[in-house]
Amino acid sequence: MAVYTEVSDDDLEEFAAEYDIGEVVSCKGIAEGVENTNYLLQTDRGNYILTLYEKRVNPDELPFFLGLMEHLAARGLACPTPIKGRDGTALRTLCGRPAAIVSFLKGMWTRRITLNHCAELGPAMAAMHLAGADFPMTRNNNLSVSGWRPLFESIRPRAAEIKADLEQTIADELDYLEAHWPKALPVGLIHADLFPDNVFFLHDRAAGVDRMSGFIDFYFACTDALAYDIAICLNAWCFEDDGAFNATKARLMLNGYRKVRPLSADELLALPLLARGAAMRFLLTRSYDWLNTPPGAMVKRKDPMEYYRKLRFHQGVGGPGQYGIA
Ligand SMILES: Nc1ncnc2c1ncn2[C@@H]1O[C@H](COP(=O)(O)OP(=O)(O)OP(=O)(O)O)[C@@H](O)[C@H]1O
Ligand SMILES: N[C@@H](CCO)C(=O)O
C-alpha cells in the first residue's frame with residue numbers, strides 16, 4: 001500500500017491548523033497508488049486528500065502540478081483543487097516531506113472497463129487538452145524518448161531476471177523509437193498517466209451507465225505531444241485482460257476525442273509509433289520498479305510483462321485503421 005510516511009496525531013494537528021478546513025475528525029491512509037503517500041482527511045466540514053510527495057516527485061516541480069490543477073479546475077474540468085492555507089500557500093512541509101491538501105473528488109475508478117467508459121474518456125481527455133492550452137507554465141516530459149535510454153541502462157544488467165529477451169527487445173526498440181520519434185506534432189499540456197485508476201466515474205442510475213466524474217493524479221503531467229496522451233490511453237484502456245486489443249474501445253475513445261478536439265492527419269498517422277513509445281515508457285518504469293522495490297515494501301509492483309506484450313502488439317500495427325478508426 002502507498003503509505004510511505006506515517007503522520008503522527010500531533011504533526012497532523014499542527015499541520016491542519018494552518019488551514020481553514022474545520023476540525024480533523026479522522027485521517028486514514030489510502031492503500032491505493034504507488035507513488036505518493038495519500039491520506040483521506042475527514043473534517044467536520046468535509047473530505048480532503050492529504051498527499052505527502054515521495055521519491056519520484058521533484059519538489060521544485062510541485063508548483064507546476066498544483067498550479068495546473070488549479071488552472072484546470074478554474075476552467076471547469078473536474079479535478080482536485082489545491083487547498084490554500086490561511087497564508088495563501090498550498091504547498092508546505094509535513095514530516096520532512098513536501099505536502100499539500102487537495103479537494104476530494106467524488107466517484108470511483110473502474111475495475112472493469114466497458115465500451116461506455118472508453119466513450120466517456122475520449123471527450124473528457126480532449127476537454128482537458130483544450131483547458132490546458134492557456135496554462136502558462138511548462139514542464140519537460142522527462143519520461144519521453146530522451147529519458148528512456150538512461151532508464152534502460154539502469155535496468156539493463158538485470159533485465160534477464162524479468163525475461164530472457166527483454167534486453168534485446170528494448171535495445172532494438174529504443175534504436176527505432178529514437179530514429180523515428182515525431183517532432184512536429186501539436187504540443188500542449190498532457191496528463192501522461194491517464195490510467196483507469198486516475199479516472200473517476202459516478203453511476204447514473206437513470207441512464208444506467210457510468211459518467212466520468214473527473215481526473216486525479218496529475219503528478220506526471222507535462223508539456224508534450226497531445227496525441228501521446230491518447231497513445232498512453234490506447235495502452236491503458238483498450239486491451240482486455242487476456243491481452244487482446246479491443247478496437248471497438250479504441251474507436252469509441254478516439255472518435256469521442258475527435259468530436260471535441262479534431263486530430264490532424266499527422267497525429268493519426270503517428271498513433272502507432274506513439275503507442276509503441278507509450279508502451280516502452282511503462283515497460284521501463286515497471287521494470288525498474290520490479291527490480292528495485294525492496295522485499296517487504298508495502299507496495300504492489302505492477303507487471304512489466306503486460307507492457308512488453310502491448311509493445312509487441314503495436315509493433316505489428318500497420319496504421320491507425322487498426323485502432324478502429326477510418
Ligand atoms: N482528490 C481525490 N479525491 C478522491 N480520492 C482521491 C483523490 N486523490 C487520490 N485519491 C484516492 O487515493 C488513491 C491514490 O491516489 P493517486 O493515484 O493520486 O496516488 P499515487 O500514489 O500518486 O498513485 P499512482 O500509482 O496512480 O501514481 C486513489 O485511487 C483514490 O482512491
Ligand atoms: N500508471 C503507472 C504507475 C504510475 O505511474 C503504471 O501502471 O505503470
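Residues numbered from 1 in each chain as written. Chains lettered and ligands numbered in written order. Predicted model: local features only at pLDDT ≥ 70, side-chain atom pairs only at ≥ 80, totals over all residues.

Colleague: Teacher, can you tell me more about the sheet that holds strand β5 (residues 97–103) here?
Modeller: In sheet architecture, strand pairing relies on hydrogen bonds along the backbone and comes in two forms, parallel and antiparallel. Strand order in the open sheet formed by five strands is β1-β2-β3-β5-β4, and the pairing between neighbours is antiparallel. Each edge of the sheet is formed by a strand with only one pairing partner; in this case those strands are β1 (24–29) and β4 (92–94). For this sheet, the mean angle separating the axes of adjacent strands, direction not counted, is 35 degrees. Two strands pair when backbone bridges link them, and strand β2 (residues 37–43) and strand β3 (residues 46–52) are joined in this way by seven bridges, in the antiparallel orientation. Looking at the pairing, Tyr-39 lines up with Leu-50 of β3. Running at roughly 120 degrees to β1, helix α1 (residues 9–16) makes contact with β1 and β4 of the sheet. (Pairing = 2+ DSSP bridges. Helix = DSSP H or I, 4+ residues; strand = E, 2+ residues; numbered from the N terminus. Axes fitted to C-alpha atoms, helices over the stretch in contact; angles between N-to-C directions. Contact = placed C-beta atoms within 7 Å.)

Colleague: What is the right way to look at the UniProt feature "domain: Aminoglycoside phosphotransferase" (unreviewed entry) in the protein in this model?
Modeller: Taking the numbering used here, the UniProt-annotated feature "domain: Aminoglycoside phosphotransferase" (unreviewed entry) corresponds to residues 27–263. The distance separating the terminal C-alpha atoms of residues 27–263 is 44 Å; by composition the span is 35% helix and 21% strand. (UniProt positions renumbered as here; feature names shortened; annotations may be inferred.)

Colleague: Explanation requested: the site of ligand 1 in the structure shown.
Modeller: Near ligand 1 lie 18 residues; those nearest to it are Gly-33, Glu-35, Pro-80, Leu-105 and Asp-217. Class assignment for the residues of the shell around ligand 1 results in ten nonpolar, four polar and four charged. (Near = placed C-beta within 6 Å. Nonpolar A, V, L, I, M, F, W, Y, C, P; charged D, E, K, R; others polar.)

Colleague: Quick question: what am I supposed to make of helix α5 (residues 166–180) here?
Modeller: A turn of α-helix holds 3.6 residues, and therefore any two residues three or four places apart point the same way. Taking 1.5 Å as the rise per residue, α5 with 15 residues should run 21 Å; its terminal C-alpha atoms sit 21 Å apart, in good agreement. Restricting attention to buried positions, one finds in α5 the residues Leu-166, Ile-170, Glu-173 and Leu-177. One side of α5 holds all its buried residues, which, seen down the axis, span an arc of 75 degrees. Turned more than 90 degrees away from the buried face of α5 sit Gln-168, Asp-172, Asp-175 and Ala-179, all of them exposed. (Expected span 1.5 Å × (residues − 1). Buried ≥ 20, exposed ≤ 12 C-beta atoms within 10 Å, placed from the backbone. Arc of directions from axis to C-beta.)

Colleague: Honestly, the domain arrangement of the protein in this entry has me stumped. Any pointers?
Modeller: Accessible area lost upon the coming together of the parts serves often as the stated size of an interface. In terms of domains, the protein is made up of domain 1 (9–103) and domain 2 (108–323). Tallying the contact residues gives 18 residues for domain 1 and 17 residues for domain 2. For the side of domain 1 that touches domain 2, the residue count by class is eleven nonpolar, three polar and four charged. (Domains from an automatic or database assignment.)

Colleague: What am I meant to see in the sheet that holds strand β8 (residues 199–204) here?
Modeller: Pairing within the open sheet is antiparallel, and its three strands lie in the order β6-β8-β9. Where the open sheet ends on each side, the last strands, each with one partner, are β6 (108–109) and β9 (209–215). Inspection of the sheet shows β6 paired to β8 by two bridges, in the antiparallel sense. The partner of Trp-109 across the bridge, within β8, is Phe-200. The strands touched by helix α3 (residues 115–131) within the sheet are β8 and β9, with β9 carrying the most contacts at an inclination of about 30 degrees.

Colleague: Sorry if this is basic, but what is going on with the packing of helix α6 (residues 226–237) against helix α8 (residues 265–292) here?
Modeller: Describing two packed helices takes the angle between their axes plus the distance from one axis to the other. Running from amino to carboxyl end, α6 crosses α8 at an angle of 60 degrees, the nearest separation of the two axes being 8 Å. Between α6 and α8, the crossing angle belongs to the class labelled oblique. By crossing handedness, the relation of α6 to α8 is classed as right-handed. Where α6 approaches α8, its residues Ala-227, Tyr-228, Ile-230, Ala-231, Ile-232, Leu-234 and Asn-235 are matched on the opposing element by Glu-267, Ala-270, Leu-271, Leu-274, Ala-275, Gly-277, Ala-278, Ala-279 and Phe-282. (Parallel < 35°, antiparallel > 145°, perpendicular 65-115°, else oblique. Left-handed = near helix turned anticlockwise from the far one by under 90°.)

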